[in-house]
Amino acid sequence: MSLFGNGLRRICAVAAAGTAAEMSKLVRVALRQTSTVELRLDWLASDAERARFLRWLGKRRLRNATFLATCRRREGGGKFAGGVDRQLYWLTQAREAGCQWCDLEVETLRKLPGQSVREYPVPPRILLSVHDFERTPDLPSRMDPPAHGAVDAVKIAAEARTIQDSVRLLRLARNSRNFVAVPMGEAGLPARILALREGSALAYAPVAAATAPGQVSLDEMKHLYRAHALSRRTRVYGVIGDPIGHSLSPLLHNTGYLARRLDAVFLPFLVRQLADFLSAVPEFGIRGFSVTLPHKQTILKHLRECEPLAADIGAVNTVVVRRDGSLYGCNTDYLGVLRALEKKLPIKGSRALLFGAGGAARAAAFALSRAGANVAICARREKAAKELARAVGGEVLPRRALRTESFDAILNATPVGMHPHGGISPLASGELHCRIVMDLIYRPQRTQLLKLAAQKGIAAVSGVEMFLAQGFAQWRIWTQKRPPEASMRRAVLAALRAEENSRPRYP
Ligand code: NAP
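Residues numbered from 1 in each chain as written. Predicted model: local features only at pLDDT ≥ 70, side-chain atom pairs only at ≥ 80, totals over all residues. Heavy atoms only, no water.

Caption draft 1: Geometry of the sheet that holds strand β9 (residues 235-241). Strand order in this open sheet of 6 strands is β10-β9-β11-β13-β14-β12, and the pairing throughout is mixed. Each having just a single partner strand, β10 (264-270) and β12 (305-306) make up the two edges of the open sheet. Judged from the 7 bridges that link them, β9 and β10 form a sheet pairing that is parallel. Bridging from a neighbouring strand, I240 pairs with F269 of β10. In the packing of helix α16 (residues 463-479) onto the sheet, the strands contacted are β9, β10, β11 (286-291), β13 (318-321) and β14 (327-330), and the crossing angle to β13 comes to about 10°. (Pairing = 2+ DSSP bridges. Helix = DSSP H or I, 4+ residues; strand = E, 2+ residues; numbered from the N terminus. Contact = heavy atoms within 4.5 Å. Axes fitted to C-alpha atoms, helices over the stretch in contact; angles between N-to-C directions.)

See below:
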């Protein structure tokens, strides 16, 4: 059993706020989700706020909870402006208010006589913390608390510049006793979620929504990733890309695992160098991953085998890791386009215009032409348009032709109109002569292009339909089961709605 208990108790909520009132609110929210809470006393704006908060805490006598008091000085990367004496004073007050644990940074311990805090009336259990906000330093093969008992547990929080950095920290967690591993930064996020299964005594998560890349909110840690329930048997999947922070794939896939009660987790990997990620695949036990920009083409040369259609498209968005570790690639974007369109239009024999000639346009062009559509390409670079048209046996149209030509469907495969430039449309109203307009963009869901289409009475299809359909297909490939589409769709649409409601409206 971990020092902090089992299961959910190992998810440590972080309460950090400037005032006692906000802090006590965070503690109340935290205790609805877990019983282990770190109190960042150094975040409180003044001594008066610290005193007020600890008075509040002391009166509550929350006996089932484990509180870890932290009053980190600036030297150790915290916000507390006082010296070691004042820091120890506040930790002493924290003990009186009911805190059983305190976090003491190594910079403070080094300043104490005998490098021990045991003579001070601070909380009885001590977590010695070492921070490196720049990099992951060289690490020993194991790190147990020293035998003389000066501290009860050791924490290393280090910036993971690469996925390999985070792997090194996880290895240390696996080999050590009473150890807390905190890989920081966005590249470290998957390891942060997997830390508990690797033996870390705690995984930290802020109570309020995550505010920095690489953080996972308490709610996500518990409900989306179920970090406390992951084991070596859990099947690990993920999405790789750069940037990756706003990907909805973890929500889509994890919602599906939950609904079907599968022991699986889907993580977002910030991947700058493919080799950095690929060498971590066996370490994490990854069974499959989704590929997004900028790796959809470059992943091809790392595959043992590739679905012929994906090879023709020249892009892979889905990879299966086989038992022998080799990679098989396929493309579900093309299925996504078909599923999204075929509900509204018989594709065989139709005439479809693709605006744009990049990666998504290629998947759409192959999908439509293989399904029997006559494909026309219009792109700002004629050379790219010609190449794609040749590859799918389609025609190239110059932009001016759009004023007069008619189509069954027009698809926007450029990023024009995507958040935060949601107010603009890639095509003018006078260029929309068709029955259906599909925008591959899904942020926002209702783009300016789709609004123009609706004004002309043209049926509109959002890119979210393609996103969902390509994701359902991936889910089926990896799990060999039918995806719970309704729950997955509900979760993604709700997240997009929440996102749109939280940002200013476009004119
Ligand atoms: P990409 O490979 O970079 O291709 C973008 C295409 O848009 C290129 O042809 C580019 O032309 C063109 N373009 C860019 N800015 C333009 C402008 N101002 N005017 C005219 N053309 C412009 O990107 P992609 O992967 O194909 O993605 C395209 C869009 O599809 C993105 O919005 C993406 O979010 C969306 N998408 C959606 C899904 C989904 O599941 N719904 C899946 C994949 C992609 P140049 O070559 O001249 O730059």
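Caption draft 2: How the structure looks around a positive patch on the surface. Taken together, the side chains of K25, R28, R32, R55, K59 and R60 define a basic patch exposed on the protein surface. Of all the secondary structure elements, the ones that give two or more residues to the positive patch are α1 (20-31) and α2 (47-60). If you tally residues by element for the positive patch, the top one is α2, at 3 residues. Along the polypeptide, R60 turns up in helix α2. (Patch = residues over 30% accessible without salt bridge, like charges linked within 9 Å, V, L, I, M, F, W, Y side chains within 5 Å. Areas by Shrake-Rupley, 256 points an atom, 1.4 Å probe, with all protein chains shown as cover. Salt bridge = Lys/Arg side-chain N within 4 Å of Asp/Glu carboxyl O. Lys, Arg positive; Asp, Glu negative; His and termini not counted. Charge placed at Lys NZ, Arg CZ, Asp CG, Glu CD.)

Caption draft 3: Broad picture of the pairing of strand β7 (residues 179-184). In terms of residue burial, β7 counts as a mostly covered element, since 6 of its 6 residues are buried. What you see with β7 is no split at all: F179, A181 and P183 on one side and V180, V182 and M184 on the other are buried throughout. Bridge analysis of strand β6 (residues 153-159) against β7 gives 6 bridges, and the strand direction is parallel. Among the inter-strand pairings, A158 is bridged to a residue of β7, identified as P183. Traced from β6 through helix α5 (residues 163-175) to β7, the parallel crossover comes out right-handed. (Buried < 20%, exposed > 50% of the residue type's maximum accessible area, 1.4 Å probe, protein only. Right-handed = clockwise from strand over helix to strand, strands pointing away.)

Caption draft 4: Main features of the packing of helix α8 (residues 249-259) against helix α17 (residues 485-502). The contact between α8 and α17 brings their axes to 8 Å, and the two run at 140°. Accordingly, the angle class assigned to the pair α8 and α17 is oblique. The two elements α8 and α17 meet at a crossing, and its hand is right-handed. Facing L251, L252, T255, G256 and A259 of α8, the residues of α17 in contact are S487, M488, A491, V492 and A495. (Parallel < 35°, antiparallel > 145°, perpendicular 65-115°, else oblique. Left-handed = near helix turned anticlockwise from the far one by under 90°.)

Caption draft 5: A look at the environment of D276. Counting through the fold element by element, D276 comes out in helix α9 (residues 274-278). Placed 124 residues apart in sequence, D276 and R400 show a C-alpha to C-alpha distance of 46 Å.

Caption draft 6: View of the packing of helix α12 (residues 333-342) against helix α13 (residues 359-370). Taken N-terminus to C-terminus, the directions of α12 and α13 make an angle of 60°; their axes are 8 Å apart at the nearest point. Here α12 lies oblique to α13, going by the angle between them. The chirality of how α12 crosses α13 is right-handed. Packed against α12, whose contacting residues are D333, Y334, V337, L338 and L341, the element α13 presents A363, A364, A367 and L368 at the interface.

Caption draft 7: Looking closely at the site of the ligand. With respect to spatial proximity, 19 residues lie near the ligand, and among them A357, A360, R380, R381 and L440 are the closest. The contact in question runs from an oxygen atom of the ligand to an N or O atom on the backbone of G358, over 3.3 Å. Between the ligand and G463, the relevant distance is 2.9 Å, taken from a nitrogen atom to a main-chain nitrogen or oxygen of the residue. Starting from 910 Å² of accessible surface for the ligand in isolation, the protein chains cover 74%. Only α13 and α16 provide two or more residues apiece to the shell around the ligand. The element best represented in the shell around the ligand is α16, accounting for 3 residues. (Near = heavy atom within 4 Å. Polar contact = N/O pair within 3.5 Å; in protein donor to acceptor, adjacent residues only side chain to side chain.)

Caption draft 8: Here's a closer look at the pattern of salt bridges. Enumeration according to the criterion identifies 32 salt bridges in this entry. A salt bridge links R174 to E198, with the shortest nitrogen-to-oxygen separation between them at 2.6 Å. Here the residue R174 occupies a position in helix α5, and E198 occupies one in the loop between α6 (189-194) and β8 (203-206), the gap between them amounting to 24 residues. Classification of R174 by relative accessible area gives partly exposed; the value is 38%.

Caption draft 9: Focus on the pairing of strand β15 (residues 351-355). Within β15, 4 of the 5 residues are buried, leaving the element largely enclosed by the surrounding structure. Judged from the 5 bridges that link them, β15 and strand β16 (residues 374-378) form a sheet pairing that is parallel. Residue pairing across strands places R351 opposite N374, the latter belonging to β16. Tracing the backbone out of β15, into α13 and back to the parallel element β16 gives a crossover that is right-handed. Note: β15 against strand β18 (residues 409-412), 4 bridges, orientation parallel. Bridge pairing links F355 to N412 in β18.

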